[in-house]
Amino acid sequence: MSDSSFLSHARYGKDKVRVFRVVREGKWHHIVEYNVQALLEGDIATSYTEADNSVVVATDSIKNITYYIAKISPHVLNPERFALHLATHLVSKYAHIHKAFVSVEQLRWSRIPVEGEQGATEHPHAFIRDGDDKRIVKVEVDASAGKDKLVASVTAGISDLLVLKTTESAFTNFVRDKYTTLKEVDDRILSTSIDLTYTFAPVALPSPTDAALEEFVLPADLAPGSVWDAAVPARARTATLALFAADNSASVQATLYRMAQRVLAQNAGVQHVAYALPNKHYIPVDMAYLGVENLVPAQAEVFVPVAAPSGLITATVSRK
Ligand SMILES: O=c1[nH]c(=O)c2[nH]c(=O)[nH]c2[nH]1
């Protein structure tokens, strides 16, 4: 056995737990579909270093707890609150588990619009997958200071929100040297698949007693922009799309910064906003060999969408 190495970090749990939940309000049904990852940290080192499984809550049990919380939680329809309930349950239930990390990816399901006698209405129990973008939530519940002093950190956002605009995007004035082949353009197609995350200030959580774990009640909606404000996700999505559409973009970098500034300005409790924006290139096809003009930026009409390579522009913008 070597004493020149040590276990410097350990975290484990279940990944890709798929769960679908229906909540029936009479004939009016609500649904959510989540992909959940739930990981634990705590006094688990000996499971790695001494093959001591007595400290291991089986990942199979973590999966079962995920389904159980989906069944009994009053918060299940809201991914932030569901993640907080699950993480709180995990750290409260097991004395030697000090931190739980729960990530939830929510798939889109929207009500199918139907024509009724009163015009268009939403169907009470039929839904459509109306986009590939997901709502994402990452929660850490830290019980290191004691099971009655829980602190939660919440990051949420959007992934895979695919957008494109056909003008009001330029890219000029970049470094030119012997490696430069890219032409400056005052008009181009701009397309990206938006990954957005926004981070709230850490919040203290109420500490559930054993008996109250199931009914665990989180604070009601509070100040605009706080982690308890259920309107933040829609505001962040709307602001991101509106800014992308309206911006006269000098670059992906400049557009990213303005999107982040808007999300921060509209959501008081958000401390950091991060975007990862692939620049999905659309290259005008050169038809000069046919005597056909297709390269003048604002007049090009036929493009090759290029999946790879793409640019990748990332940044985090923080509240002062
Ligand atoms: O908006 C852009 N930012 C870049 O950094 C870059 N680099 C590049 O080749 N095209 C672009 N576009």
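Residues numbered from 1 in each chain as written. Predicted model: local features only at pLDDT ≥ 70, side-chain atom pairs only at ≥ 80, totals over all residues. Heavy atoms only, no water.

## Here we look at the layout of surface pockets
- The calculated volume of the largest pocket comes to roughly 720 Å³.
- Lining the largest pocket are 23 residues, and of these Leu182, Lys183, Val185, Ile283 and Pro284 sit closest to its centre.
- Among the residues making up the lining of the largest pocket, the classes are represented as 13 nonpolar, five polar and five charged.
- As for the second largest pocket, its lining consists of 21 residues, of which Gln106, Leu107, Arg108, Trp109 and Arg135 are closest to the centre.
- Listing elements by their share of the lining of the second largest pocket, those giving two or more residues are strand 2 (28-42), strand 4 (110-116), strand 6 (134-142) and helix 4 (232-246).
- Broken down by class, the residue content of the lining of the second largest pocket amounts to eleven nonpolar, four polar and six charged.
- Each of domain 1 (10-118 + 127-147) and domain 2 (160-198 + 223-320) gives at least three residues to the lining of the second largest pocket. (1 Å grid on protein atoms, 1.4 Å probe; cavity = no way out; pocket = protein on both sides within 12 Å on 5 of 7 lines; lining within 4 Å. Points joined across faces, edges and corners; volume = space filled by probe spheres on them. Nonpolar A, V, L, I, M, F, W, Y, C, P; charged D, E, K, R; others polar. Helix = DSSP H or I, 4+ residues; strand = E, 2+ residues; numbered from the N terminus. Domains from an automatic or database assignment.)

## Considering the UniProt feature "binding site: 5-hydroxyisourate" (unreviewed entry) in the chain
- Here, UniProt's "binding site: 5-hydroxyisourate" (unreviewed entry) annotation points to Asp60, Phe171, Arg188, Val252, Gln253 and Asn279. Annotated residues spanning 220 residues; largest pairwise C-alpha distance 50.9 Å, indicating distribution over more than one region. Lining residues of the second largest cavity drawn from the annotated list: Val252.
- Considering the arrangement of structural elements, one finds Arg188 in the loop between strand 7 (151-165) and strand 8 (190-200). (UniProt positions renumbered as here; feature names shortened; annotations may be inferred.)

## Section: the packing of helix 4 against helix 5 (residues 252-266)
- Between helix 4 and helix 5, the least distance of the axes is 9 Å, while the angle of their chain directions is 145°. As helix 4 runs across helix 5, the sense of the crossing is right-handed. Residues Arg235, Ala236, Ala239, Thr240, Ala242, Leu243 and Phe244 of helix 4 touch helix 5, and the partners they reach there are Thr255, Arg258, Met259, Arg262, Val263 and Gln266. (Axes fitted to C-alpha atoms, helices over the stretch in contact; angles between N-to-C directions. Left-handed = near helix turned anticlockwise from the far one by under 90°. Contact = heavy atoms within 4.5 Å.)

## Digging into empty space enclosed by the protein
- Tallied over the entire structure, the rule returns two cavities of 30 Å³ or more.
- If you add up the space inside the largest cavity, you get close to 80 Å³.
- Forming the walls of the largest cavity are Asn78, Glu80, Arg81, Arg135, Phe200, Val227, Trp228, Asp229, Ala230, Val232 and Pro233.
- Counting only elements with at least two residues in the lining of the largest cavity, the list comes to helix 3 (79-93) and helix 4.
- Residues belonging to the lining of the largest cavity are distributed by class as follows: six nonpolar, one polar and four charged.
- Summarising the domain contributions, the lining of the largest cavity has at least three residues from each of domain 1 (10-118 + 127-147) and domain 2 (160-198 + 223-320).
- Approximately 40 Å³ is the volume attributed to the second largest cavity.

## Structural notes on helix 3
- Taking 1.5 Å of rise per residue, the 15 residues of helix 3 would be expected to cover 21 Å, and the 21 Å separating its terminal C-alpha atoms lies within 8% of that figure.
- Across the 15 residues that make up helix 3, a large majority, 14, are buried.
- One side-chain oxygen at the N-terminal end of helix 3 lies 3.1 Å from the backbone nitrogen of Glu80; it belongs to Asn78. (Expected span 1.5 Å × (residues − 1). Buried < 20%, exposed > 50% of the residue type's maximum accessible area, 1.4 Å probe, protein only. Polar contact = N/O pair within 3.5 Å; in protein donor to acceptor, adjacent residues only side chain to side chain.)

## Observations concerning the site of the ligand
- Residues in close proximity to the ligand include Phe171, Leu182, Arg188, Ser251, Val252, Gln253, Asn279 and Ile313, which together make up its full environment.
- Arg188 is positioned with one of its side-chain polar atoms (N or O) 2.9 Å from an oxygen atom of the ligand.
- Here a nitrogen atom of the ligand and a side-chain polar atom of Asn279 are 3.2 Å apart.
- In isolation the ligand offers 290 Å² of accessible surface; the protein chains occlude 73% of this area.
- Using a 2 Å cut-off from the grid points, one finds that the ligand occupies the largest pocket.
- Tallied by class, residues from the shell around the ligand come to four nonpolar, three polar and one charged. (Near = heavy atom within 4 Å. Areas by Shrake-Rupley, 256 points an atom, 1.4 Å probe, with all protein chains shown as cover. Sits in = over half its atoms within 2 Å of the grid points.)

## Some words on the pattern of salt bridges
- A full pass over the atoms with the stated rule returns 15 salt bridges.
- Glu33 is paired through a salt bridge with Arg18; the nearest N and O atoms lie 2.8 Å apart. Taken together, the residues Glu33 in strand 2 and Arg18 in strand 1 (residues 12-25) connect sequence positions 15 residues apart.
- On the basis of relative accessible area, Glu33 is assigned to the buried category, the value being 10%.
- On the basis of relative accessibility, which here comes to 57%, the residue Arg18 falls in the exposed class.
- Note that Arg135 and Glu80 form a salt bridge whose closest N and O atoms lie 2.6 Å from each other. Of the two residues, Arg135 sits in strand 6 while Glu80 sits in helix 3, which places them 55 residues apart along the sequence.
- Take Arg135: its relative accessible area is 26%, and that puts it in the partly exposed class.
- Among the ionic contacts, a cluster of salt bridges with common partners joins Arg108, Asp130, Asp133 and Arg237. (Salt bridge = Lys/Arg side-chain N within 4 Å of Asp/Glu carboxyl O.)

## Looking at unusual backbone geometry
- Look at the link from Ala308 to Pro309: it is a cis peptide, with omega at -5°.
- Here Pro309 shows up in the loop between strand 12 (303-305) and strand 13 (311-318).
- For Glu168, which is not a glycine, the phi torsion comes out positive at approximately 60°.
- Even without glycine at this site, Asn173 takes up a positive phi of about 70°.

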